[in-house]
Amino acid sequence: MDRLKAMQTFVQIADRGSLTKAADALDTSLPAVVRSLAALEAHLGVRLFHRTTRRISLTEEGRSYLQSAREVLAAADAADQALTVDAAEPAGQLTVTAPVLFGHMYVSPAIVRFLQRYDKMRCSVLLHDRSVNLLEEGIDVGIRISALEDSSLVAQQLGSIRRVVVASPDYLQAHGTPRHPRDLLDANCVRIHPSSTVHWSFRDHGRPLAIAARGNLEFNHIAPAVEACAAGIGFGMFFSYQVLPFVRQGRLAIVLEEFEHPPRPVSVIYPHARLLPARTRTFIDWMKAEFAGLSL
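Quick notes on the rules
Residues numbered from 1 in each chain as written. Predicted model: local features only at pLDDT ≥ 70, side-chain atom pairs only at ≥ 80, totals over all residues. Heavy atoms only, no water. Helix = DSSP H or I, 4+ residues; strand = E, 2+ residues; numbered from the N terminus. Rg over C-alpha atoms; globule rule 2.2 N^0.38 Å. Contact = heavy atoms within 4.5 Å. Phe/Tyr/Trp six-rings, centres within 6.5 Å; stacked < 30°, edge-to-face > 60°. Buried < 20%, exposed > 50% of the residue type's maximum accessible area, 1.4 Å probe, protein only. Lys NZ or Arg CZ within 6 Å of the ring centre and 35° of its normal. Pairing = 2+ DSSP bridges. Axes fitted to C-alpha atoms, helices over the stretch in contact; angles between N-to-C directions. Salt bridge = Lys/Arg side-chain N within 4 Å of Asp/Glu carboxyl O. Parallel < 35°, antiparallel > 145°, perpendicular 65-115°, else oblique. Nonpolar A, V, L, I, M, F, W, Y, C, P; charged D, E, K, R; others polar. Disulfide = S-S within 2.5 Å. Core = buried A, V, L, I, M, F, W, Y, C linked by side-chain atoms within 4.5 Å.

On a plain count of helices and strands, the protein chain comes out with 9 helices and 15 strands. Relative to its length of 296 residues, the protein chain is extended, with a C-alpha radius of gyration of 24 Å against a globular reference of 19 Å. Projected onto its principal axes, the C-alpha positions of the protein chain cover 75 × 45 × 35 Å. Partitioning the contacts of the protein chain with sequence separation of at least 6, the portion at a separation of at least 24 is 73%.

A few words now on the packing of aromatic side chains. On inspection of all chains with the given rule, the structure shows 12 aromatic pairs. Ring geometry for Phe102 and Phe291: centres 6.0 Å apart, planes at 25 degrees, overall stacked. A residue pair is termed long-range when its members are at least 10 positions apart, and Phe102 in helix α5 (residues 100-117) and Phe291 in the loop between α9 (278-290) and β15 (294-295) qualify at 189 residues. The two residues Phe102 and Phe291 agree in class, both being buried. Through successive ring pairs, a cluster of aromatic residues spans Phe102, Tyr106, Phe239, Tyr241 and Phe291. The aromatic ring of Phe239 is capped on one face by Arg163, whose charged end is 4.1 Å from the ring centroid.

Take the sheet that holds strand β13 (residues 253-255) next. Ordered by their spatial adjacency, 3 strands build an open sheet running β12-β7-β13, and the pairing between neighbours is antiparallel. Each edge of the open sheet carries a strand with a single partner, namely β12 (236-239) and β13. Taken pair by pair, the neighbouring strands of this sheet meet at an average axis angle of 50 degrees, ignoring direction. Pairing between strand β7 (residues 163-167) and β13: 3 bridges, direction antiparallel. For Ala167, the partnering residue across the bridge sits in β13 and is Ala253.

Inspection of the entire model under this criterion finds 9 salt bridges. Linking Arg63 and Glu60 is a salt bridge whose minimum nitrogen-to-oxygen distance equals 2.5 Å. Remark: Glu60 and Arg63 occur in helix α4 (residues 60-82); sequence separation between them is 3 residues, near one turn of the helix. Note on Glu60: relative accessible area 53%, which makes it exposed. Measuring nitrogen to oxygen at the nearest pair gives 2.8 Å for the salt bridge that ties Glu260 to Arg162. Separated by 98 residues along the polypeptide, Glu260 in the loop between β13 and β14 (264-271) and Arg162 in the loop between β6 (153-161) and β7 bring together distant segments of the chain.

This part is about the packing of helix α1 (residues 3-16) against helix α3 (residues 30-44). Here α1 crosses α3 at 110 degrees, and the two axes come no closer than 9 Å. The pairing of α1 with α3 is recorded here as roughly perpendicular in orientation. Listed contacts from α3 to Arg3, Lys5, Ala6, Met7, Thr9, Phe10 and Ile13 of α1 are Val33, Ser36, Leu37, Leu40 and His43. A breakdown of the residues in the contact of α1 with α3 according to their chemical character gives 7 nonpolar, 3 polar and 2 charged.

Now for the state of the cysteines. Following the criterion strictly, the structure yields 0 disulfides and no others. Lacking any disulfide linkage, Cys229 is separated from the closest cysteine sulfur, that of Cys189, by 8.7 Å.

In this structure, Phe102, Ile143, Tyr241 and Phe291 are the most contacted members of the largest nonpolar core, which totals 30 residues. For this core, the secondary structure elements donating two or more residues are β3 (92-98), α5, β5 (141-145), β6, α8 (240-248), β14 and α9. Here this core gets 7 residues from one element, more than from any other, and that element is α5. The contacts of Phe291, once residues within four sequence positions are left out, are Phe102, Tyr106, Val107, Ala110 and Leu158.

Structure, rendered in structure tokens:
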């Protein structure tokens, strides 16, 4: 049995949730995948998957073995690349995830520049506002706006962002600039769906403070809510990167800065591995350079 090939087959099955899809990804036959998995399970003396006629899922032993298999494959890949003449020129496929708007505004342009520099690379970019499980979904690298809670991942901070309250200069001139978050109780606030009443969170002398934001306009997407605030309809609470272009253009002004929460980290995250593939290491270094000193 080729143990590395068997590990590769196992990881593909786990990532894709299907023997057939794993066979397609490996450009091999379904019987070959079945034989490889059976040989690996026989060698290990455990079942790695629960299999029924309709679905396949990892056993507890399979979940434990998956990370080890990833690390072994990453180490083998890195060792191979270290011996090639073009090790400094990374090649291959990389899957990256990021929040939708931050990915659109900042991550995607950085990836375009990365591919222009390293034209042997291929990138698949997945923009989601949900929490993405890198290991379960077969993703190499993620950009995350929050503290890292998953101990199976490594995080390197790229910078930080703030949660800010904004309004247009015209709105502030007509209605006054708030001096305390409680002043928002009598103001028109643009809210984000699905909550009909949103509590905006602040810090007042080190203590948490929640203010019920009420208003006559609600969106399920950030971009039109920012535009509405810039048009002068009321206050909005957003991440600083979401409104930065409007602030720089003078279309929005930040208020109540002394009541903001501490900045949130923006990090590049990836699975634990003793040796990362050269393409992943190069991409991480690229993003760190791209976002060096990021403070939005």
